[in-house]
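Listed below are the residues making up each chain.
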Amino acid sequence: MSSKALPLGERFDWFEELLSREVIPTDLRTDHPADFEAEAAVLALGEVRVATFSFSPLRSRRTPALIRRGDPEQYQLALIHGGAAAFSQHRNDCLVTRGDLVFWDTSRPSRAEIPAETGPVRLLMLQLPRHMLPMRDRQADRLLAGRIPGDRGTAAVLADFLRSLEGHTKGCTAAELERLGSVAVDLLAAGLAQRLDAEDRLPSEVRSQTLLRRAHAFVDAHLGDPDLSPTTVAAALAVSVRTLHEVFRGTGETVAARIRRRRLERCREELGRSGRRARPIVVIAAHWGFSGPAVFSRSFREAYGMTPTEYRALSVKEDRAERTLR
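A quick note: this is a predicted structure, and the numbers were derived from the prediction, not measured.

Q: Now, about the overall build of the protein: what can you tell me, with residues and values included?
A: Along the protein, the regular secondary structure elements total twelve helices and eleven strands. By principal-axis analysis of the C-alpha atoms, the protein measures approximately 70 × 55 × 35 Å. In the protein, buried positions account for 45% of the 326 residues. Of the contacts made within the protein by residues no fewer than 6 positions apart, 69% connect residues no fewer than 24 positions apart. Charge separation in the protein, taken as the distance between the mean sites of 49 positive and 43 negative side-chain charges, equals 4 Å.

Structure below.
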């Protein structure tokens, strides 16, 4: 959804109506309605929703009267992609910029402002029913309108996960989307608990799922390290190797198997490239952490039923055939 299709004089009113319908009833103000621009997209993940927004500077208020008019009884979290925003709620105030997260409650009055000097803001918003968060209200209240750095701890894993949802859910079934929503809630709960230094109060299932997500994120970020192993993953996450293996047991895949599979998937992606983007097979294998060409070739054949050379030749042939049909 974009305001660009509308006449200039209608764009701000359209965005205010959109927010009231898709997010919460909010009083919006802007000093430059004629220059206002906005874009929005919404992804449903079962009871959870993820929305992306981009809009010009404005001020917003969520008053008691507006809460009475409509309240979805949600917690909401924003990940700032660009620009800056000031938030106030429950006697807390913060300024968030690119990479930061901020958390609020739709059932409480709040204020927000996008400063004109910082230009448009781009953000990704997670919306979830209050009952889904395994945390007492008084604990959550301490975190309302507080800046959460998105470059460390569980918050960084949550931020990476939310970013990964953009443009990568096409073809997912309703059940798969719902599971993604559950993962987002688990990561949010663990991230907030970490801010409160209360991770041990979370349900064990939530802690296990969060540790699994953190492990997946660490593995994907270090696939090129030839020394990547269950031991290095456990050390990075500050858990024992035994605990790490226990968390993976329910997935049907060991830690080592996860590392090998993700490396092979990355190599297969590169082998499918042609022309100037194609790198030598030995370079691809080394880049993604394989100890040597023979190990890589054997692992690739076991996984895909052909050698890397055969796969590349088949990809080139299919690419040429597709170009001919065009």
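After that view, the rundown keeps rolling.
Q: Got a sec to walk through the nonpolar core? Specific residues and values, please.
A: Within the largest apolar cluster, 35 residues are counted, with the highest numbers of intra-cluster contacts made by Phe 103, Leu 126, Leu 133 and Leu 188. The element best represented in this core is helix α5 (residues 174–196), accounting for ten residues. Not counting residues up to four positions away in its chain, the partners in contact with Phe 103 are Tyr 75, Gln 76, Leu 77, Leu 133, Ala 140, Leu 143, Leu 144, Ala 145, Ile 148, Leu 188 and Leu 192. Grouped together as the second largest cluster of nonpolar side chains are 29 residues, Leu 28, Ala 51, Leu 58 and Ala 145 included.

Q: Residues and numbers for the sheet that holds strand β8 (residues 100–105), please.
A: Taken in spatial order, the six strands make up an open sheet running β2-β3-β10-β5-β8-β11, and their pairing is antiparallel. Both edges of this open sheet fall to β2 (38–45) and β11 (148–149), since each of them pairs with a single strand only. On the sheet, helix α4 (residues 153–165) packs against β2, β3 (48–55), β5 (74–82), β8, β10 (121–129) and β11 and is oriented at approximately 80 degrees with respect to β5.

Q: Let's hear about helix α9 (residues 255–271): which residues, and what values?
A: Helix length check: α9 (17 residues) gives 24 Å between terminal C-alpha atoms against 24 Å at 1.5 Å per residue, within 8%. Along α9, the positions that sit buried rather than exposed are Val 255, Ala 257, Arg 258, Ile 259, Arg 262, Arg 263, Leu 264, Glu 265, Cys 267, Glu 270 and Leu 271.

Q: Tell me about the confidence of the model for the protein, and name the residues and values.
A: Residues at a pLDDT of 70 or more form 96% of the protein, whose mean pLDDT is 89. Element-level mean pLDDT values for the protein span from 79 in helix α12 (residues 308–325) up to 96 in β8.

Q: Outline the environment of His 131, supporting the account with residue identities and numerical values.
A: Secondary-structure assignment places His 131 in the loop between β10 and α3 (137–141). Take His 131: its relative accessible area is 60%, and that puts it in the exposed class. Along the chain, His 131 and Ala 313 lie 182 residues apart, while their C-alpha atoms are 53 Å from each other. A polar contact is formed between the side chain of His 131 and the side chain of Glu 47, at a distance of 3.4 Å.

Q: Lay out the environment of Ser 299 with the relevant residues and their values.
A: The topology assignment puts Ser 299 in helix α11 (residues 293–304). With 35 residues separating them in the primary sequence, Ser 299 and Leu 264 have C-alpha atoms 7.9 Å apart.

Q: Requested: an account of the pairing of β8, with residues and values cited.
A: In terms of residue burial, β8 counts as a mostly covered element, since six of its six residues are buried. Residue alternation in β8 divides its side chains into two sets, Asp 100, Val 102 and Trp 104 and Leu 101, Phe 103 and Asp 105, and both sets are buried. With two bridges joining them, β8 and β11 adopt antiparallel strand pairing. Each bridged residue has a counterpart across the sheet, and for Asp 100 the counterpart in β11 is Pro 149.

Q: Outline the pairing of β10, supporting the account with residue identities and numerical values.
A: Where burial is concerned, most of β10 is hidden: eight out of the nine residues are buried. In this sheet, β10 lies alongside β5 in antiparallel orientation, the contact comprising eight bridges. The partner of Gln 74 across the bridge, within β10, is Pro 129.

Q: Provide a residue-level description of the packing of aromatic side chains, including the pertinent values.
A: A full pass over the atoms with the stated rule returns eleven aromatic pairs. Note on Phe 15 and Phe 55: the rings are 5.1 Å apart at their centroids and 35 degrees apart in plane angle, and the pair reads as tilted. Here Phe 15 is found in helix α1 (residues 11–22), whereas its partner Phe 55 is found in strand β3, with 40 residues between them in sequence. Both residues of the pair, Phe 15 and Phe 55, belong to the buried class. An aromatic cluster is built from Phe 12, Trp 14, Phe 15, Phe 36, Phe 53 and Phe 55, whose rings are joined through pairwise contacts.

Scoring rules and cut-offs
Residues numbered from 1 in each chain as written. Predicted model: local features only at pLDDT ≥ 70, side-chain atom pairs only at ≥ 80, totals over all residues. Heavy atoms only, no water. Helix = DSSP H or I, 4+ residues; strand = E, 2+ residues; numbered from the N terminus. Buried < 20%, exposed > 50% of the residue type's maximum accessible area, 1.4 Å probe, protein only. Contact = heavy atoms within 4.5 Å. Lys, Arg positive; Asp, Glu negative; His and termini not counted. Charge placed at Lys NZ, Arg CZ, Asp CG, Glu CD. Core = buried A, V, L, I, M, F, W, Y, C linked by side-chain atoms within 4.5 Å. Pairing = 2+ DSSP bridges. Axes fitted to C-alpha atoms, helices over the stretch in contact; angles between N-to-C directions. Expected span 1.5 Å × (residues − 1). pLDDT = per-residue confidence, 0-100. Polar contact = N/O pair within 3.5 Å; in protein donor to acceptor, adjacent residues only side chain to side chain. Phe/Tyr/Trp six-rings, centres within 6.5 Å; stacked < 30°, edge-to-face > 60°.

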